[in-house]
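Listed below are the residues making up each chain.
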Amino acid sequence: MNNGSSISEFILLGLSSPPELDILLFLVFLAMYLAAIAGNVFIIIITNLDPALKTPMYFFLGNLSLLDIICTTSAVPKMLFNLFTQQKVISFNECIIQMFFFTVGMDTEFLLLTFMSFDRYLAICNPLRYQSIMSKRSCFIMSIVVWAFGFLSSSFHSSSTLWLSFCGPKEINHFFCEVPQVLALSCSNISLNKYVLIVTDLILGLICIILTFISYVFIIFAILNIRSAEGKKKAFSTCASHITIVLLFYGTLVFAYFKPSDESLNMDKEIAFDKIISVFYAVVTPLLNPIIYSLRNKEVRDELKLMAKSAVRNAIF
């Protein structure tokens, strides 16, 4: 196997939309991207500045918002540039960087959501030991583990791609560089790369899904054992936002990577379906996460109202 690529750029075919729709799609995705960035920056700011939100749950929420910013920024700006200029070229180095940061976001979010489910398990099922277990030091260590794993996993997949040769074709039928699509263009033997990718992602996904499922089984039983309806409602409200995001994130990835093959669909329709799913977890999910937490969490809503009142007061006076 030769070391390194023999081509210097790829062609991103994008969403395969008619050229006359490019400006419309540019405006739609630009609005969604800016809203996602604004919402996640807002979450990061209030979780760091508001003393009432200095809890483990909001500490992890701030990390989740940062991951969403990394994930959507790694894919969307290049897509917007290509839609606006109608250029589809991306250099080999840009492609590797894009692939690296997108993989960081996805792999890290798997583990982070798992730790967040453990946090909710302790808060509901073992509240007396919650403060001692979920101390500032413990949360900091958990965040280091989560981020370190994401960067190590992404570094491995991205660096292994650098050793592959790409002789052509160089068209990526997607709107950003993702590991499977890039591997498919290599003229080297990618059997080991594909095997490692499948095994690592499958193990990571299954472990995180199983641990999250176990946490919520205990949470559900604990909530059912609460006698008062008000107590059940309060306990459920503390984990409703997280479980909504978990279902959104895992559900999208299951459709993307574990969907059953449908022989009735031709290749073009299957690729179009994959692009729609990719738009969902690269653009829509980072947009919805801060909205879900803002609508479902009273503390976030109260802080948002205070900031709005302060902004109005400053504008008037």
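As the structure is a computational prediction, the values presented were derived from the model and not from experiment.

### Observations regarding the pattern of salt bridges
Move 1: This model, assessed by the stated rule, comprises 3 salt bridges.
Move 2: In this structure, Glu9 engages Lys170 in a salt bridge whose closest nitrogen and oxygen atoms are separated by 3.6 Å. Remark: Lys170 occurs in the loop between helix 5 (136–162) and strand 3 (171–172) and Glu9 occurs in strand 1 (residues 9–12); sequence separation between them is 161 residues.
Move 3: For Glu9, a relative accessible area of 28% gives the class partly exposed.
Move 4: Note on Lys170: relative accessible area 30%, which makes it partly exposed.
Move 5: The salt bridge partner of Glu94 is Lys78, with a shortest N-O separation of 4.0 Å. On the criterion of sequence distance, the pair formed by Glu94 in helix 3 (residues 92–125) and Lys78 in helix 2 (residues 56–85) is long-range, its members being 16 residues apart.
Move 6: On the accessibility criterion, Lys78 (16% relative accessible area) is buried.

### Some points on a nonpolar patch on the surface
Move 1: Judged by side-chain polarity, Ile198, Leu202, Ile203, Leu206, Ile207, Ile210, Leu211, Phe213, Ile214 and Phe218 come together as a nonpolar surface patch covering roughly 950 Å² of accessible area.
Move 2: Under the relative-accessibility criterion, Ile203 is labelled partly exposed at 46%.

### Remarks on the pairing of strand 1
Move 1: The pairing of strand 1 with strand 2 (residues 89–91) spans 3 bridges and is classified as antiparallel. Bridging from a neighbouring strand, Glu9 pairs with Ser91 of strand 2.
Move 2: Pairing geometry for strand 1 and strand 3, over 2 bridges, is parallel. Bridge pairing links Leu12 to Ile172 in strand 3.

### Some details on the state of the cysteines
Move 1: Here the structure, examined in full by the defined rule, presents 1 disulfide.
Move 2: Each sulfur in the disulfide pair Cys95 and Cys177 lies 2.0 Å from the other. Around the S-S axis, the bridge from Cys95 to Cys177 shows a dihedral of about -120° and counts as left-handed. Highlighted residues: Cys95 in helix 3 and Cys177 in the loop between strand 3 and helix 6 (179–183), separated in sequence by 82 residues.

### Quick look at the layout of surface pockets
Move 1: Of the volumes computed, that of the second largest pocket is approximately 530 Å³.
Move 2: For the second largest pocket, the lining is made up of 24 residues, of which Leu53, Lys54, Thr55, Pro56 and Phe59 are closest to its centre.
Move 3: Listed by contribution, the elements that provide at least two residues to the lining of the second largest pocket are helix 1 (22–49), helix 2, helix 3, helix 4 (130–133) and helix 5.
Move 4: The element best represented in the lining of the second largest pocket is helix 2, accounting for 7 residues.
Move 5: Split by residue class, the lining of the second largest pocket holds 13 nonpolar, 8 polar and 3 charged.

### So, the nonpolar core
Move 1: Phe29 and Phe102 are the most contacted members of the largest nonpolar core, which has 55 residues in total.
Move 2: Among the secondary structure elements, those contributing two or more residues to this core are helix 1, helix 2, helix 3, helix 5, helix 7 (191–224), helix 8 (229–257) and helix 9 (267–296).
Move 3: Of all the elements, helix 2 adds the most residues to this core, at 12 residues.
Move 4: When sequence neighbours within four positions are dropped, the list of residues in contact with Phe102 reads Cys71, Ser74, Ala75, Phe176, Glu178, Tyr281 and Ala282.

### Digging into the side chain of Asn40
Move 1: Looking at where Asn40 falls in the secondary structure, it is placed in helix 1.
Move 2: With near-sequence residues (within four places) excluded, Asn40 lies in contact with Ser65, Asp68, Ile69, Pro286 and Pro290.

### Description of the environment of Ser65
Move 1: Within the secondary structure layout, Ser65 lies in helix 2.
Move 2: For Ser65, a relative accessible area of 2% translates into the label buried.
Move 3: For the pair formed by Ser65 and Pro286, sequence separation is 221 residues and the distance between their alpha carbons is 7.7 Å.
Move 4: The residues contacting Ser65, other than those within four sequence positions of it, are Asn40, Ile43 and Ile44.
Move 5: One polar contact links Ser65 to Asn40, side chain to side chain, over a distance of 3.4 Å.

### Some remarks on the packing of aromatic side chains
Move 1: With the rule as written, the count across this model stands at 16 aromatic pairs.
Move 2: For the pair Phe10 and Phe166, a centre-to-centre distance of 5.5 Å together with 85° between the ring planes defines the contact as edge-to-face. Of this pair, Phe10 sits in strand 1 while Phe166 sits in the loop between helix 5 and strand 3; the two residues are 156 residues apart in sequence, bridging distant segments of the chain.
Move 3: A relative accessible area of 0% means that Phe166 is categorised as buried.

Cut-offs used in this document
- Within each chain, residues carry numbers counting from 1 in the order of the written sequence.
- Per-residue local features are limited, in this predicted model, to residues with pLDDT of at least 70; the limit for side-chain atom pairs, both in listing and counting, is 80 or more; totals at the level of whole chains, interfaces and linings are taken over all residues.
- Calculation of side-chain values draws on the structure's entire complement of heavy atoms; hydrogens and water are dropped beforehand.
- Counted as salt bridges are all cases of a side-chain nitrogen of Lys or Arg within 4 Å of a carboxyl oxygen of Asp or Glu.
- In this text, helices come from DSSP runs of H or I with a minimum length of four residues, and strands from runs of E with a minimum of two, each type numbered from the N-terminal end.
- For the exposure calls, accessible area comes from a 1.4 Å probe over protein chains only, and a residue counts as buried if that area is under 20% of its type's maximum, exposed if over 50%, partly exposed in between.
- A residue counts toward a patch only above 30% relative accessible area and without a salt bridge, and it is joined to like-charged neighbours within 9 Å or, for Val, Leu, Ile, Met, Phe, Trp and Tyr, to nonpolar neighbours within 5 Å.
- The Shrake-Rupley method, run with a 1.4 Å probe, gives the accessible areas here. Residue values count only the displayed protein chains as cover.
- For two strands to be treated as a pair, DSSP must find no fewer than two bridges joining them.
- Count a disulfide wherever a pair of cysteine sulfur atoms falls within 2.5 Å.
- A pocket here means an open set of points on a 1 Å grid, computed over the protein atoms alone, that has protein on both sides within 12 Å along at least five of seven lines. A cavity is instead a set of points where a 1.4 Å probe fits but cannot get out; residues with an atom within 4 Å of a point line either one.
- Grid points are joined across faces, edges and corners, and a volume is the space filled by probe spheres set on the points.
- Here the nonpolar group is Ala, Val, Leu, Ile, Met, Phe, Trp, Tyr, Cys and Pro; Asp, Glu, Lys and Arg are the charged ones; every other residue, Gly included, is treated as polar.
- Here the nonpolar core consists of buried residues drawn from Ala, Val, Leu, Ile, Met, Phe, Trp, Tyr and Cys, with membership extended through side-chain atoms lying within 4.5 Å.
- We call two residues in contact whenever any of their non-hydrogen atoms come within 4.5 Å of each other.
- The definition of a polar contact used here is a pair of N or O atoms within 3.5 Å, where within protein one atom must be able to donate a hydrogen and the other to accept one, and adjacent residues in sequence count solely through side-chain atom pairs.
- Pairing of aromatic rings covers Phe, Tyr and Trp, the last counted by its six-membered ring, and requires centre-to-centre distances within 6.5 Å; plane angles under 30 degrees mean stacked, over 60 mean edge-to-face, and any other angle means tilted.

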